[in-house]
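Chains, contacts and geometry: an overview
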Amino acid sequence: MPYSIVHIELWVSLKDYFNNENDFLDFLAWSIFVDSSYELNNQWVQIKREDTHYHKWEDYINSEFPDNFLKKELKTNFSNFKLWYYYHLILDKLWRDSSFVGEAYKNNDLDEIYQLSRIFHANIDLNDFIKVDNNNYIDKLYKYKINKNSLPSVFLNIDTNILNDTYMSIIDYMVNKKTFKKVSNEDEVYTIINWELEFLDKEIEKKVNTLFPYKDYNDLKKQWLKILLTNIQNFKKIS
């Protein structure tokens, strides 16, 4: 799915839809905290991606997990925090359903290159974002504190200190202070590796640029932003 900086990059372009900066920072923080299961597992919290992405007992490839989220979390309490969580899931679904990554799910070798493309392209996104981040959003996100009372139900039994530590780690991953790679095993957890060793392999870099070119990836981000704008406008009409 999209690397954290992709979520931030796209959401920043939506800042005019927010009443104030505090609401906007809530949105930015929650849009990336969705991807917290790997770090929570590293802190011995038993939670899986199928829990945080609402596809438990379903195949992720076919699941309508944003709808699952709405049915469970917004049924009785229409909350802005949870709505922003929902937008993250929408972007994940758009990413999953795109032809850009669709074939990677069917081929382990191709999936390995796709996983590498995520960090290659995210480095470009991060460097580009830093150049235009005149509002210092990354610094502000580092100062943000998790408000447990606003969390979706999947997180309510987790210690607040662990949640905040996890959030800080996610920001570290986003700005490349830490690196990770998803591995397939029975627990569906993540392990930490040295990505720099992968970057030194020019053949791998060539495969990334051939199979998952940045231009195609960037064009898809623009396309998805239009869809997200439509979703936000529809929700503003009913909220």
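Report on the accompanying structure. (Residues numbered from 1 in each chain as written. Predicted model: local features only at pLDDT ≥ 70, side-chain atom pairs only at ≥ 80, totals over all residues. Heavy atoms only, no water.)

A word on the overall build of the chain
The helix and strand inventory of the chain stands at 13 helices and 2 strands. Burial analysis of the chain (239 residues in total) assigns 52% to the buried set. At a minimum sequence separation of 6, the contacts of the chain that also span at least 24 residues come to 72%. About 12,300 Å² of surface is accessible on the chain, with carbon and sulfur atoms providing 48% of the total. (Helix = DSSP H or I, 4+ residues; strand = E, 2+ residues; numbered from the N terminus. Buried < 20%, exposed > 50% of the residue type's maximum accessible area, 1.4 Å probe, protein only. Contact = heavy atoms within 4.5 Å. Areas by Shrake-Rupley, 256 points an atom, 1.4 Å probe, with all protein chains shown as cover.)

Side note on the nonpolar core
Grouped together as the largest cluster of nonpolar side chains are 72 residues, with contacts concentrated most on Ile5, Ile8, Leu28, Phe155 and Tyr167. Here this core gets 10 residues from one element, more than from any other, and that element is helix α6 (residues 80-97). (Core = buried A, V, L, I, M, F, W, Y, C linked by side-chain atoms within 4.5 Å.)

Digging into unusual backbone geometry
With phi around 60°, tyrosine 54 is a residue other than glycine that occupies positive phi space. The class of tyrosine 54 is buried, set by a relative accessible area of 8%. Positive phi, close to 70°, is recorded for tryptophan 57, a residue that is not glycine. Mapped onto the elements, tryptophan 57 comes out in the loop between α4 (49-52) and α5 (65-73).

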